[in-house]
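Okay, here's what each chain looks like letter by letter:
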2 protein chains.
Amino acid sequence: MPKQKQQKKPPVTPSPERREELLRIAADVFAEQGYNATTVRKIADAAGMLAGSLYYHFDSKESMLEEILRTFLTELWDGYDSVLSAPLGPRETLEALVTESFREIDRHRSAVAIYQKESKHLVSQTRFEYLVESQQRFEKAWLTTLERGVTDGVFRADLDIRLAYRFVRDTVWVAASWYRPGGGHSPEEIARQYLSMVLDGIAVRT
Amino acid sequence: MPKQKQQKKPPVTPSPERREELLRIAADVFAEQGYNATTVRKIADAAGMLAGSLYYHFDSKESMLEEILRTFLTELWDGYDSVLSAPLGPRETLEALVTESFREIDRHRSAVAIYQKESKHLVSQTRFEYLVESQQRFEKAWLTTLERGVTDGVFRADLDIRLAYRFVRDTVWVAASWYRPGGGHSPEEIARQYLSMVLDGIAVRT
DNA sequence: CATCTTCCCTAACAAGTGTTTGGTAGATTA
DNA sequence: TAATCTACCAAACACTTGTTAGGGAAGATG
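For clarity, every value in this text was computed on a predicted model and none was experimentally measured.

### Description of the nonpolar core
Nonpolar side chains tend to gather and get buried jointly when the protein is soluble and globular.
Part 1 of the argument: In terms of nonpolar packing, the biggest core is built from 132 residues, with Ile202 of chain A together with Ile202 of chain B touching the most fellow members.
Part 2 of the argument: Setting aside anything within four residues of it in sequence, one finds Ile202 of chain B in contact with Leu94, Leu146, Val154, Phe155, Arg156, Leu159, Val168, Val198 and Leu199 of chain A together with Met197 of chain B.

Here is the structure:
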């Protein structure tokens, strides 16, 4: 990171559509090569322009990353909140959350991959504090649902609830690393299969 | 990557013990900050020396990464091979593989974390071709075990076997991202709980 | 027509990158 | 004691990095 001066926005007004398009391209490169391994020149290449031209649209490389992750999380919580505010039982809530997660993976595959790889190093920067907040809401939503399920007798009571949380969480989100849209499985179909395994296990019932 | 000339080893002979120690340190930094974000100066700092001094022990930064991953995979396959060659039923094989995996996470936490984050970009380089080979053996071992289980009637036949494979695989290895040795749970204890969830699910049986 | 706006290019910058070269303090060996 | 070896330092190297400044082509607007 060579320089860093003030961070005032340029007086010019780039079109939001072009911004979105460039962010989509940048997200794909970030996801494939990793944020740090991705140079602005690679992004510019993929967009068919030169490195400096990106700075007509964005303040910095880091701003692109932030906008990608923030857009994703905003949309994610739109979906989650509507699920969580619905009058569902714990099992139905879990099913809806998992399904919604796979839909988000389908829509924001690259952003999810970036989030998983980079969020851990980013949370220490004040600029990315919203990642921590989101993560806490996320954990609370899942833990509450699991606890509710145990209380209601629909989830097993003999499990470490925090371990179960991480189990479900990781199970769902790592799918972004191999999932490819249009690969025969719809998000709903994958969600169904995953839920079948998470809820009932892969062993035959005896 | 500024220069790159011949790759002949130095005529000097550094002690293997010191090499191992430095690799342990490097692995920790790689795992925490990511390979690309880790500069050789950071590694040297953590080791209490200067950047150039590392080159007395290693050819390059990439050599360190390769040796870390290769050491890990070698030991991993030592464990896996002894499990796979044992006369076990499919369920017992799966249990043993999962347990062995958590033991490896316990022993090579940093290497596992590095492997998960970086292997995807590395496989395209000829230097890291052994990663692909390992991954193929890995997939074959797991798929065979799962198929054997379906044939024997101990695993459910109504599941997409490749989805189940990724499910089990990811479930196990992402644990390296949060697992901390000496954190109350032994590898065997975590394996037991994970197996309970993977095999029987988290829902109460009705 | 002239002016402005949008969007990109050219060309450079300063800081940071992995790596090399030559040297040297201290222990080990002859 | 002298020679050798081990493990490091000091200082530079060629190159890459994110970023900036100034300019210009094409279209929209007056």
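### Focus: the protein's contact with DNA strand D
Part 1 of the argument: Surrounding DNA strand D, one finds 21 residues, the nearest of these being Thr39, Arg41 and Tyr55 of chain A together with Leu50 and His57 of chain B.
Part 2 of the argument: Backbone atoms, meaning sugar and phosphate, make up 64% of the atoms of DNA strand D lying within 4 Å of the protein.
Part 3 of the argument: At 2.7 Å from a base nitrogen of DNA strand D is found a side-chain nitrogen or oxygen belonging to Arg41 of chain A.
Part 4 of the argument: When grouped by side-chain class, the residues that make up the surface near DNA strand D number eight nonpolar, nine polar and four charged.

### Digging into the domain arrangement of chain A
It is common to give the size of an interface as the accessible area lost on bringing the parts into contact.
Residue and element names in this part refer to chain A.
Part 1 of the argument: Split by domain assignment, chain A resolves into domain 1 (13–58) and domain 2 (61–200).
Part 2 of the argument: Of note, the centres of domain 1 and domain 2, computed from C-alpha atoms alone, are 27 Å apart.
Part 3 of the argument: Taken residue by residue, the interface counts 17 residues in domain 1 and 11 residues in domain 2.
Part 4 of the argument: Contact between domain 1 and domain 2 buries roughly 1,300 Å² in total, counting both sides, with carbon and sulfur atoms accounting for 66%.
Part 5 of the argument: Inspection of the region where domain 1 meets domain 2 yields one salt bridge.

### Details of the UniProt feature "domain: HTH tetR-type" (unreviewed entry) in chain A
Part 1 of the argument: Using the residue numbers shown here, the UniProt feature "domain: HTH tetR-type" (unreviewed entry) corresponds to residues 16–76 of chain A.
Part 2 of the argument: End C-alpha to end C-alpha, residues 16–76 of chain A measures 21 Å, and it is 69% helix and 0% strand.

### Describing the packing of helix 3 (residues 61–84) of chain B against helix 6 (residues 129–152) of chain B
Residue and element names in this part refer to chain B.
Part 1 of the argument: At their nearest, the axes of helix 3 and helix 6 sit 11 Å apart, and the two run at 25° to each other. Taken together, the axes of helix 3 and helix 6 lie roughly parallel to each other. Crossing handedness for the pair helix 3 and helix 6: left-handed. Listed contacts from helix 6 to Glu66, Leu69, Arg70, Leu73, Trp77, Tyr80, Asp81 and Leu84 of helix 3 are Tyr130, Leu131, Ser134, Arg137, Phe138, Ala141 and Trp142.

### Re the confidence of the model for chain A
Parts of the model with low pLDDT should not have their predicted coordinates read in detail.
Part 1 of the argument: Averaged over every residue, the pLDDT of chain A is 91; the share at 70 or more is 94%.
Part 2 of the argument: Note that residues 1–10 of chain A has pLDDT below 50 and, in this model, three contacts with residues that lie over four places away or in other chains.

### Re the protein's contact with DNA strand C
Part 1 of the argument: As a structural note, the neighbourhood of DNA strand C is formed by 20 residues, with Ser53 and His57 of chain A together with Thr39, Arg41 and Tyr55 of chain B the closest of them.
Part 2 of the argument: For DNA strand C, the fraction of protein-proximal atoms (within 4 Å) that sit in sugar or phosphate groups is 60%.
Part 3 of the argument: Interatomic distance of 3.3 Å between a backbone N/O atom of Thr38 of chain B and a phosphate oxygen of DNA strand C.
Part 4 of the argument: In the model, a base nitrogen of DNA strand C is placed 2.7 Å from a nitrogen or oxygen of the Arg41 of chain B side chain.

### A word on helix 4 (residues 90–107) of chain A
Residue and element names in this part refer to chain A.
Part 1 of the argument: Under the 1.5 Å per step criterion, the end-to-end length of helix 4 is 25 Å for 18 residues, consistent within 8% with the ideal 26 Å.
Part 2 of the argument: Residues Pro90, Thr93, Leu94, Leu97, Val98, Thr99, Glu100, Ser101, Phe102, Glu104 and Ile105 constitute the buried set of helix 4.
Part 3 of the argument: Contacts made by the buried residues of helix 4 are with helix 3 (61–84), helix 5 (109–122), helix 6 (129–152), helix 7 (161–173) and helix 8 (187–200).

### Quick notes on the relation of the copies chain B and chain A
Part 1 of the argument: You can overlay chain B on chain A at an RMSD of 0.1 Å; the transform is a turn of 180° with a shift of 0.1 Å along its axis. Both copies of the chain, as the preceding transformation shows, are related through a two-fold rotation axis. Within chain B, the C-alpha atom positioned nearest to the axis of rotation is that of Gly201 of chain B, 1.9 Å from it.
Part 2 of the argument: When the interface residues of chain B are mapped onto chain A, 100% of them again fall at the interface, so both copies present the same face.

### Details of the interface of chain B and chain A
Part 1 of the argument: With 42 residues of chain B at the interface, the matching set in chain A holds 43 residues.
Part 2 of the argument: Taking both sides of the interface into account, the surface hidden between chain B and chain A amounts to around 4,000 Å²; carbon and sulfur atoms contribute 60%.
Part 3 of the argument: Our count for the contact surface shared by chain B and chain A stands at zero salt bridges.
Part 4 of the argument: Tallying contributions element by element places helix 7 (residues 161–173) of chain B first for the side of chain B that touches chain A, with eight residues.
Part 5 of the argument: Of the residues assigned to the side of chain B that touches chain A, the class counts are 19 nonpolar, 11 polar and 12 charged.

The rules we used
- Residues numbered from 1 in each chain as written.
- Chains lettered and ligands numbered in written order.
- Predicted model: local features only at pLDDT ≥ 70, side-chain atom pairs only at ≥ 80, totals over all residues.
- Heavy atoms only, no water.
- Core = buried A, V, L, I, M, F, W, Y, C linked by side-chain atoms within 4.5 Å.
- Buried < 20%, exposed > 50% of the residue type's maximum accessible area, 1.4 Å probe, protein only.
- Contact = heavy atoms within 4.5 Å.
- Near = heavy atom within 4 Å.
- Polar contact = N/O pair within 3.5 Å; in protein donor to acceptor, adjacent residues only side chain to side chain.
- Nonpolar A, V, L, I, M, F, W, Y, C, P; charged D, E, K, R; others polar.
- Domains from an automatic or database assignment.
- Buried area = accessible area lost by both parts, 1.4 Å probe.
- Salt bridge = Lys/Arg side-chain N within 4 Å of Asp/Glu carboxyl O.
- UniProt positions renumbered as here; feature names shortened; annotations may be inferred.
- Helix = DSSP H or I, 4+ residues; strand = E, 2+ residues; numbered from the N terminus.
- Axes fitted to C-alpha atoms, helices over the stretch in contact; angles between N-to-C directions.
- Parallel < 35°, antiparallel > 145°, perpendicular 65-115°, else oblique.
- Left-handed = near helix turned anticlockwise from the far one by under 90°.
- pLDDT = per-residue confidence, 0-100.
- Expected span 1.5 Å × (residues − 1).
- Least-squares fit on C-alpha atoms with pLDDT ≥ 70 in both.

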